[in-house]
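Fold and contact review
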Amino acid sequence: PSPGVMLTRRGSRGGLVAMISSDGAVYLQGTRYDPDWRQHAPRPFVDKVTLATGEKTRVFEGAEDVAETLGPALDDDFTQVIVTRESPTEVPNAYLKDLKRGSLTKLTDNTDYTPEFTRAVRKRITVTRADGVHFEVGLTLPPAYQAGTRLPAMFWVYPREYTDQGGYDRTLRTENIHRFPTAGARTIEYLITQGYAVANFTPPIVGETGRMNDNYVSDLQMNLIAVIDELDRGGYIDRTRLGIGGRRYGAAWTPQPRGPNPRL
């Protein structure tokens, strides 16, 4: 695991300098990842390092039950720090965390202005394609979704290239199960407000280094067939009413998988 990077602050001349404690130690800031990302989200940490001996002492570690993002420290001894806390149902807010006293003081009172979007039903579904490669699909459904209701669906994709299953699996460790749902101007999940199911995923293109795209069309077809079949088995989608979209590399794949295969 990475030991972290040096924690800095703004110096007297405006540049960044190492933050040094009153007893001459420095700080390393990093993120601890767990292979079981479905149960254990990434957690930020800060270690105090005594320069004379190299001894490390952990002075901060993010909460286990919510997502915490580390903000600025308020003193060089790292006794007070600003953190942002959030959860799937709690909108992000800033807090003053007193590490010496163990207290937490809320500083902001942000409001969720789009509950019709943030309260949608969200699922992570593992899909296995014909050659055994498996990948994750983020499925978003309307807030009042009833199990077994088949909805028209929009698939939003961005393929990525890997040399093997392990390469894909390692990308999942940064998934944070405690994040509050967010959206931008082009977020396709907004279609749930119009009665759609939205499947957002990164279909893997697998092959030898530098030759992954030799398998581009065949891998896309396997990926798409696997997702349609899995969501159909779950009773989430009407497979006769599907849309496919993406941007850049994702847009390039949309005409490709149609072919003669009747399962598409």
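Structure's up top.
Everything quoted here is computed from the prediction, not taken from an experiment.

**Concerning the packing of aromatic side chains**
Following the criterion strictly, the structure yields six aromatic pairs and no others. Relative to Tyr 168, the ring of Tyr 162 lies with its centre 5.5 Å away and its plane at 85°, an arrangement referred to as edge-to-face. Summarising the burial analysis for this pair, Tyr 162 and Tyr 168 share the class buried. Feature note: the residues Phe 135, Phe 155 and Phe 201 constitute an aromatic cluster, connected by ring pairs. Its guanidinium or amino end placed over the ring of Phe 45, Arg 58 lies 4.2 Å from that ring's centre, counting from NZ or CZ. Across the ring face of Tyr 95, the terminal group of Arg 85 is positioned such that the distance to the ring centre comes to 5.6 Å.

**Considerations on the sheet that holds strand S9 (residues 90–98)**
One open sheet accounts for four strands, arranged S7-S8-S9-S10; its pairing is antiparallel. Where the open sheet ends on each side, the last strands, each with one partner, are strand S7 (67–73) and strand S10 (103–106). Between one strand axis and the next, the sheet turns through 30° on average, direction left out of account. Sheet topology places S9 next to S10; four bridges connect them, and they run antiparallel. Residue Leu 96 lies in a different strand from S10, and its bridge partner there is Thr 105.

**Considerations on the pairing of strand S4 (residues 25–32)**
Here is the key point about a regular strand: its side chains alternate between the two faces of the sheet. Relative to S4, strand S1 (residues 5–6) is paired through two bridges, and the arrangement is antiparallel. In the sheet register, Met 6 faces S4, and the bridge partner there is Leu 28. In this structure, S4 lies alongside strand S5 (residues 43–50), joined through eight bridges in antiparallel fashion. In the strand pairing of S5, Gly 30 is matched with Phe 45.

**Focus on the sheet that holds strand S13 (residues 151–157)**
Read across the open sheet, the five strands follow the order S11-S12-S15-S13-S17; overall the sheet is mixed. Taken across any chain shown, the strands that pair with only one partner, and hence form the sheet edges, are strand S11 (121–128) and strand S17 (237–246). Neighbour-to-neighbour, the strand axes of this sheet turn through a mean angle of 25°, independent of strand direction. In this sheet, strand S15 (residues 197–201) lies alongside S13 in parallel orientation, the contact comprising five bridges. Considered in S15, the bridge of Ala 153 is made with Ala 197. Along the sheet, helix H3 (residues 216–233) contacts S11, strand S12 (134–141), S13, S15 and S17; its crossing angle with S17, the most-contacted strand, is approximately 140°.

**Quick word on unusual backbone geometry**
Leaving glycine out, the prevailing phi sign among residues is negative, and the prevailing peptide bond configuration is trans. In this model, Phe 78 sits at a positive phi of 55°, which is unusual for a non-glycine residue. For Phe 78, the position within the fold is in the loop between S7 and strand S8 (80–87). Classification of Phe 78 by relative accessible area gives buried; the value is 3%.

**Comments concerning the pattern of salt bridges**
Across all of its chains, the model carries 20 salt bridges by this definition. Close ionic contact of Glu 61 with Arg 43 constitutes a salt bridge, the shortest N to O distance being 3.5 Å. Here the residue Glu 61 occupies a position in strand S6 (residues 56–61), and Arg 43 occupies one in strand S5, the gap between them amounting to 18 residues. Judged by relative accessible area, Glu 61 falls into the partly exposed class, the value being 29%. You can call Arg 43 buried: its relative accessible area is 15%. The partner of Arg 124 in a salt bridge is Glu 175, and the shortest N-O contact between them spans 2.9 Å. With Arg 124 in strand S11 and Glu 175 in the loop between helix H2 (165–170) and S15, this pair connects stretches of sequence that are 51 residues apart.

**Some remarks on the pairing of S8**
Of all the eight residues making up S8, six are buried; the element is thus mostly covered by neighbouring parts of the structure. Across seven bridges, S8 lies against S9 in antiparallel orientation. Among the inter-strand pairings, Val 83 is bridged to a residue of S9, identified as Tyr 95. Taking the residues that link successive antiparallel strands as the turn, the S8-S9 hairpin has two residues.

Parameters at a glance
Residues numbered from 1 in each chain as written. Predicted model: local features only at pLDDT ≥ 70, side-chain atom pairs only at ≥ 80, totals over all residues. Heavy atoms only, no water. Phe/Tyr/Trp six-rings, centres within 6.5 Å; stacked < 30°, edge-to-face > 60°. Buried < 20%, exposed > 50% of the residue type's maximum accessible area, 1.4 Å probe, protein only. Lys NZ or Arg CZ within 6 Å of the ring centre and 35° of its normal. Pairing = 2+ DSSP bridges. Helix = DSSP H or I, 4+ residues; strand = E, 2+ residues; numbered from the N terminus. Axes fitted to C-alpha atoms, helices over the stretch in contact; angles between N-to-C directions. Contact = heavy atoms within 4.5 Å. Salt bridge = Lys/Arg side-chain N within 4 Å of Asp/Glu carboxyl O.

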